[in-house]
Amino acid sequence: MPLRLAFMGTPDFAVPALSELLSTGHEIASVYCQPPRPAGRGMDWRKSPIQVFAEAQGLLVRTPRSMRLSEVQAEFAALSLDAAVVVGYGLLLPAAILTAPREGCFNLHPSKLPRWRGAAPIQRTLMAGDSDTAVMIMRMDEGLDTGPVCLAESVAIDADVTAGDLHNELARRGADLMLRALAALERGSLTSQAQSSDGVTYAAKIDKSEARIDWNKPARAVHNHMRGLSPFPGAWFEWPVAGATERVKVLRSSMADGAGEAGVVLDAELTVACGTGAIRLLQVQRAGRKSMSAAEFLRGMSWDASSLKLHAAARSTIT
């Protein structure tokens, strides 16, 4: 028998899960997402990906600024839900919300819990150089990603995969896993297991001060930093242009042979020396431009391979 659900999510990572729920015939009583926010150069009010998708499907959408308000909680309880599905919602859920659905609230989390609880698990997984991760369905409690795990699926991580690549893969796999969890819930066979108290780490929100590349670090750490921040916010360096500098983001890179002083461009393939080893930049993006290959970038910039050195050390502050 189809479940009566609320869907609570905001980013594009949540769209595959909502789409899959609709395709299976579950009743979506309401969709909750964060309210529109100013974005872009014009700072126009922009709806979240989930709000855009849900409205296109004719679903009821609610965008409260907090779930702690009594009127919001009463409205939620009045939905008479079997369960709530939560995917990247971004607002804390108090006990009154967590306990309102008959079966509780179930969260899709893209990490190998208890590793990387928190806001940026995909980015932190890659920046740390983890060789594998997971998608997990957990029964939510009032802690930060501390609830017992119902289902999990491990995912191997290739050496050059970016946060954008991994985001898409985990969103797809997570949507399928949520369907399986709800099917088990319908049958009355869904179980859960408490998370281990060992190996807990927290995936803090990415701060813009982390985005500048420090070429003094070992090549593997630089590579992981680049792919962990691609495509957003994008790890960046400064390229000398006519007595000034231009900020350039790195979207794809790979490990390369070579050595030299940190920050020195070693060849016409845009290989850059690091503290130890070297990195080859494969895809970059100049400010206000589309992404381009390293070859396209170098054709558009004047440079001297015998003397070009990028700033090696990260600044203490970013303006």
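Above this text sits the structure in question.
Sequence order as written defines the numbering, with residues in each chain counted from 1. Two thresholds apply to this predicted model, a pLDDT of at least 70 for residue-level local features and 80 or more for giving and counting side-chain atom pairs, whereas whole-chain, interface and lining totals are computed over all residues. Note that the side-chain values use all heavy atoms of the structure and ignore hydrogens as well as water.

Participant: Would you mind going over the packing of helix H1 (residues 15–23) against helix H6 (residues 163–187) in detail, with residue names and values included?
Facilitator: Only the stretch in contact is used when a helix axis is fitted, and all axes are lines through C-alpha atoms; the angle between N-to-C directions ranges over 0 to 180 degrees. Helix and strand definitions follow DSSP, with helices as H or I runs of at least four residues and strands as E runs of at least two, each counted in order from the N terminus. H6 packs onto H1 with a crossing angle of 40 degrees between their chain directions and a minimal axis gap of 8 Å. For the element pair H1 / H6, the angle class is oblique. H6 is crossed by H1, and the crossing has right-handed handedness. Residues Pro16, Ala17, Glu20 and Leu21 of H1 lie in contact with H6, whose contacting residues are Ala171, Ala175, Leu179 and Leu182. Here the nonpolar group is Ala, Val, Leu, Ile, Met, Phe, Trp, Tyr, Cys and Pro; Asp, Glu, Lys and Arg are the charged ones; every other residue, Gly included, is treated as polar. Per-class residue counts for the contact of H1 with H6 are seven nonpolar, no polar and one charged. Roughly parallel means an angle under 35 degrees; roughly antiparallel, over 145; roughly perpendicular, 65 to 115; everything else is oblique. We call a crossing left-handed when the near helix sits turned anticlockwise from the far one by less than a right angle, and right-handed when that turn is clockwise. By definition in these notes, contact holds between two residues if any of their heavy atoms fall within 4.5 Å.

Participant: Give me the lowdown on the sheet that holds strand S2 (residues 27–32), citing residues and values where you can.
Facilitator: Pairing within the open sheet is mixed, and its seven strands lie in the order S5-S2-S1-S6-S7-S9-S10. With partners counted over all chains shown, the strands left at the sheet margins are strand S5 (61–62) and strand S10 (149–156), one partner each. Only when DSSP finds a minimum of two bridges between them are two strands counted as paired. For strand S9 (residues 132–139) and S10, the ladder comprises seven bridges, and the chain directions are antiparallel. Residue pairing across strands places Met136 opposite Ala152, the latter belonging to S10.

Participant: How would you explain the pairing of strand S6 (residues 83–87) if you had to name every residue and give the values?
Facilitator: Only protein chains enter the accessibility calculation, which uses a 1.4 Å probe; a residue is then buried when its area is under 20% of its type maximum, exposed when over 50%, and partly exposed in between. For S6, the tally of buried residues reaches five of five residues, placing the bulk of the element in the interior. Burial along S6 is two-sided: Ala83, Val85 and Val87 facing one way and Ala84 and Val86 facing the other are all buried. Bridge count for strand S1 (residues 4–9) against S6 is five bridges, and the pairing is parallel. By the bridge assignment for S6, Gly9 is matched with Val87. The pairing of S6 with strand S7 (residues 105–109) spans three bridges and is classified as parallel. Paired with Ala84 across the bridge in S7 is Cys105.

Participant: Tell me about the side chain of Ser30, and please be specific about residues and values.
Facilitator: Note on placement: Ser30 falls in strand S2. Not counting chain neighbours up to four residues away, the residues in contact with Ser30 comprise Leu5, Ala6, Phe7, Leu60, Arg62 and Leu79.

Participant: Please set out the pattern of salt bridges residue by residue, giving values where relevant.
Facilitator: Think of a salt bridge as a Lys or Arg side-chain nitrogen and an Asp or Glu carboxyl oxygen that are within 4 Å of each other. Summed over the entire model, instances satisfying the criterion amount to 18 salt bridges. Between Glu27 and Arg4 there is a salt bridge, with the nearest N and O atoms lying 2.4 Å from each other. Of this pair, Glu27 sits in strand S2 while Arg4 sits in strand S1; the two residues are 23 residues apart in sequence, bridging distant segments of the chain. Note on Glu27: relative accessible area 40%, which makes it partly exposed. Across the salt bridge formed by Arg180 and Asp176, the nearest N and O atoms sit 3.1 Å from each other. Separated by four residues within a single helix, Arg180 and Asp176 lie in helix H6, roughly one turn from each other. Asp176 sits in the partly exposed class, given a relative accessible area of 38%. By sharing partners, the salt bridges in this structure join Glu153, Glu169, Arg172, Arg173, Asp176 and Arg180 into a single network.

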